[in-house]
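Listed below, chain by chain, are the residues.
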Amino acid sequence: MSRSIRLLIPLLAAFSVVLAACGSDDDSTDAGDTETTASGDTDTTASGDTDTTASGDSETTDSSADGSDGAAAPAGGTLKVGTKYDQPLFGVNEPDGVVGFDADIARYIAGELGMEVEFQEAVSANREPFLENGTVDMVVATYTINDERDEIVDFAGPYYVAGQDIMVVAGNPKGITGIESLNSGDIATCSVEGSTSLDNLNEMAPDADVTTFDAYTKCADAMGQGRVDAVTTDNVILLGLAAESDGAYELVENPFTEEPYGIGVPEGSELRCQINVILQTMYDDGTWAQIYQDTVGAVASETPDPPALNNEGC
Ligand code: GLU
């Protein structure tokens with residue numbers, strides 16, 4: 001071995017240690033950054049109540065691991081989950097914890113990962129930012145998978161497929177029959193910022209008279225006050241709101257889109273494929289159907305088959 005090579009060896013060894021240290025890109029150091037951009041400051045009709053930054057409003061539940069699915073899942077720790085807190089059937093923050101289909105799916109996944117779930121309120125507009133800035137590890141929040149979002153975050157699933165519909169005052173006084181009716185311009189239509197519902201409305205009924213809030217409950221309240229004539233979003237969200245209205249609202253029942261719900265995780269996260277393994281187990285052993293019946297089943301008579309998972313890249 002020449003002298004110069006002998007001299008190089010310790011240098012290379014030291015260099016590789018430095019490289020290894022730089023390479024341990026531990027996101028946990030960023031986890032304290034809970035700044036919430038685009039947090040739903042979108043109330044354009046003076047309701048005033050727009051506090052949806054979801055900061056500090058979280059619930060921790062001990063979800064013990066029951067059984068193993070074989071996924072190489074991280075053991076222990078806390079899984080921070082963004083979910084809706086005001087969507088009947090999917091996620092409602094009650095004194096004893098968050099209840100609904102999304103909340104139960106999230107709890108089960110956390111349990112299978114051997115982690116403790118910590119819920120954090122998410123609104124439609126802050127789901128991507130929450131995943132990007134580490135506010136949450138996963139979003140289970142009636143979250144439609146689409147290409148635009150897929151550029152920014154990754155999706156496990158789909159674990160449910162909804163369709164966008166319209167909710168109106170009982171008896172449908174304006175005679176709304178579908179998305180075309182909203183394009184007339186004289187139907188005040190409400191939807192939510194940062195949602196595919198609003199994007200679809202703008203695209204499919206560009207002349208619609210649109211009002212936006214940060215949450216669908218606010219649209220429903222606005223309809224109760226006669227400030228809007230219609231609310232549009234996913235049929236299952238509307239079903240929950242209609243069920244809560246004591247007969248005041250009904251659905252047009254003419255869905256015009258497909259909304260495959262995914263579980264959002266940060267771009268490139270290993271969680272995506274691990275969650276898919278857990279979802280498949282839930283599909284196969286009836287857990288998914290049971291959760292559906294216990295939540296959405298309160299208003300939907302039939303339990304659908306769960307959609308096929310997208311395991312590309314897993
Ligand atoms: N599923 C649609 C979306 O992800 C509408 C429901 C929602 O805003 O959560 O945007």
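Residues numbered from 1 in each chain as written. Predicted model: local features only at pLDDT ≥ 70, side-chain atom pairs only at ≥ 80, totals over all residues. Heavy atoms only, no water.

Trainee: Which residues make up the packing of helix α2 (residues 101–112) against helix α10 (residues 287–294), and what are the values?
Mentor: At a closest axis distance of 9 Å, the pairing of α2 and α10 adopts a crossing angle of 150 degrees. Our pair here, α2 against α10, has a crossing hand that is right-handed. Mapping the contact onto sequence places Phe101, Asp104, Ile105 and Tyr108 in α2 and Thr287, Trp288, Ile291 and Tyr292 in α10. When the residues that make up the contact of α2 with α10 are grouped by side-chain class, the tally is 6 nonpolar, 1 polar and 1 charged. (Axes fitted to C-alpha atoms, helices over the stretch in contact; angles between N-to-C directions. Helix = DSSP H or I, 4+ residues; strand = E, 2+ residues; numbered from the N terminus. Left-handed = near helix turned anticlockwise from the far one by under 90°. Contact = heavy atoms within 4.5 Å. Nonpolar A, V, L, I, M, F, W, Y, C, P; charged D, E, K, R; others polar.)

Trainee: Kindly report on the sheet that holds strand β9 (residues 164–169), identifying the contributing residues and their values.
Mentor: Ordered by their spatial adjacency, 5 strands build an open sheet running β11-β10-β12-β9-β13, and the pairing between neighbours is mixed. Each edge of the open sheet is held by one strand with a lone partner, namely β11 (209–213) and β13 (249–251). Strand-to-strand twist of the sheet, defined as the mean angle between neighbouring strand axes without regard to direction, takes the value 30 degrees. By the bridge criterion, 2 bridges tie strand β10 (residues 188–192) to strand β12 (residues 230–234) in an arrangement that is parallel. Each bridged residue has a counterpart across the sheet, and for Cys190 the counterpart in β12 is Val231. (Pairing = 2+ DSSP bridges.)

Trainee: How would you explain the packing of aromatic side chains if you had to name every residue and give the values?
Mentor: Scanning the entire structure with this criterion turns up 13 aromatic pairs. Ring centres of Phe101 and Tyr159 lie 6.0 Å apart, and the angle between their planes is 25 degrees; this geometry places the pair in the stacked category. You can see Phe101 sitting in helix α2 and its partner Tyr159 sitting in strand β8 (residues 153–162), a full 58 residues away along the chain. Comparing Phe101 with Tyr159 shows no difference in burial state: the two are buried. Grouped by ring-pair contacts, the aromatic residues Phe90, Phe101, Tyr159, Tyr160, Tyr261, Tyr283, Trp288 and Tyr292 constitute a single cluster. (Phe/Tyr/Trp six-rings, centres within 6.5 Å; stacked < 30°, edge-to-face > 60°. Buried < 20%, exposed > 50% of the residue type's maximum accessible area, 1.4 Å probe, protein only.)

Trainee: I'd love a proper account of the site of the ligand, names of residues and values included.
Mentor: If you check the shell around the ligand, you find 16 residues, and the closest are Lys84, Ser124, Thr144, Tyr216 and Asp234. The contact in question runs from an oxygen atom of the ligand to an N or O atom on the side chain of Tyr216, over 2.6 Å. Within the side chain of Asp234, one N or O atom sits 2.6 Å away from a nitrogen atom of the ligand. Relative to its free-state accessible area of 280 Å², the ligand is covered by the protein chains to the extent of 100%. (Near = heavy atom within 4 Å. Polar contact = N/O pair within 3.5 Å; in protein donor to acceptor, adjacent residues only side chain to side chain. Areas by Shrake-Rupley, 256 points an atom, 1.4 Å probe, with all protein chains shown as cover.)

Trainee: Got a sec to walk through the environment of Gly178? Specific residues and values, please.
Mentor: If you trace the backbone, Gly178 turns up in the loop between β9 and α5 (179–182). As a C-alpha pair, Gly178 and Pro255 span 77 residues in sequence and 7.8 Å in three-dimensional space.

Trainee: I'd like to hear about the pairing of strand β14 (residues 259–266), residue by residue, with values.
Mentor: If a strand is regular, its side chains alternate between the two faces of the sheet. The buried count for β14 comes to 6 of 8 residues, which makes it a mostly enclosed element. Bridge count between β8 and β14: 7 bridges; the pairing is antiparallel. Bridge assignment links Asp154 to a residue of β14, and that residue is Val265.

Trainee: For the state of the cysteines, give the residues involved together with the corresponding values.
Mentor: Within the structure shown, the criterion is met by 2 disulfides. Sulfur-sulfur distance for the disulfide between Cys190 and Cys219 comes to 2.1 Å. On the sign convention where negative is left-handed, the bridge of Cys190 and Cys219, at about -70 degrees about the S-S bond, is left-handed. In this pair, Cys190 sits in strand β10 while Cys219 sits in helix α7 (residues 216–224), placing the two residues 29 residues apart along the sequence. Here Cys273 connects covalently by a disulfide to Cys314, the sulfurs 2.1 Å from one another. Since a negative S-S torsion denotes a left-handed disulfide, the Cys273-Cys314 link at about -85 degrees is left-handed. With Cys273 in helix α9 (residues 271–285) and Cys314 in the segment after α10, this pair connects stretches of sequence that are 41 residues apart. The class of Cys273 is partly exposed, set by a relative accessible area of 24%. If the cysteines joined by disulfides in the chain are listed in sequence order, their pairing comes out as 1-2, 3-4. (Disulfide = S-S within 2.5 Å.)

By themselves these figures say nothing about function.
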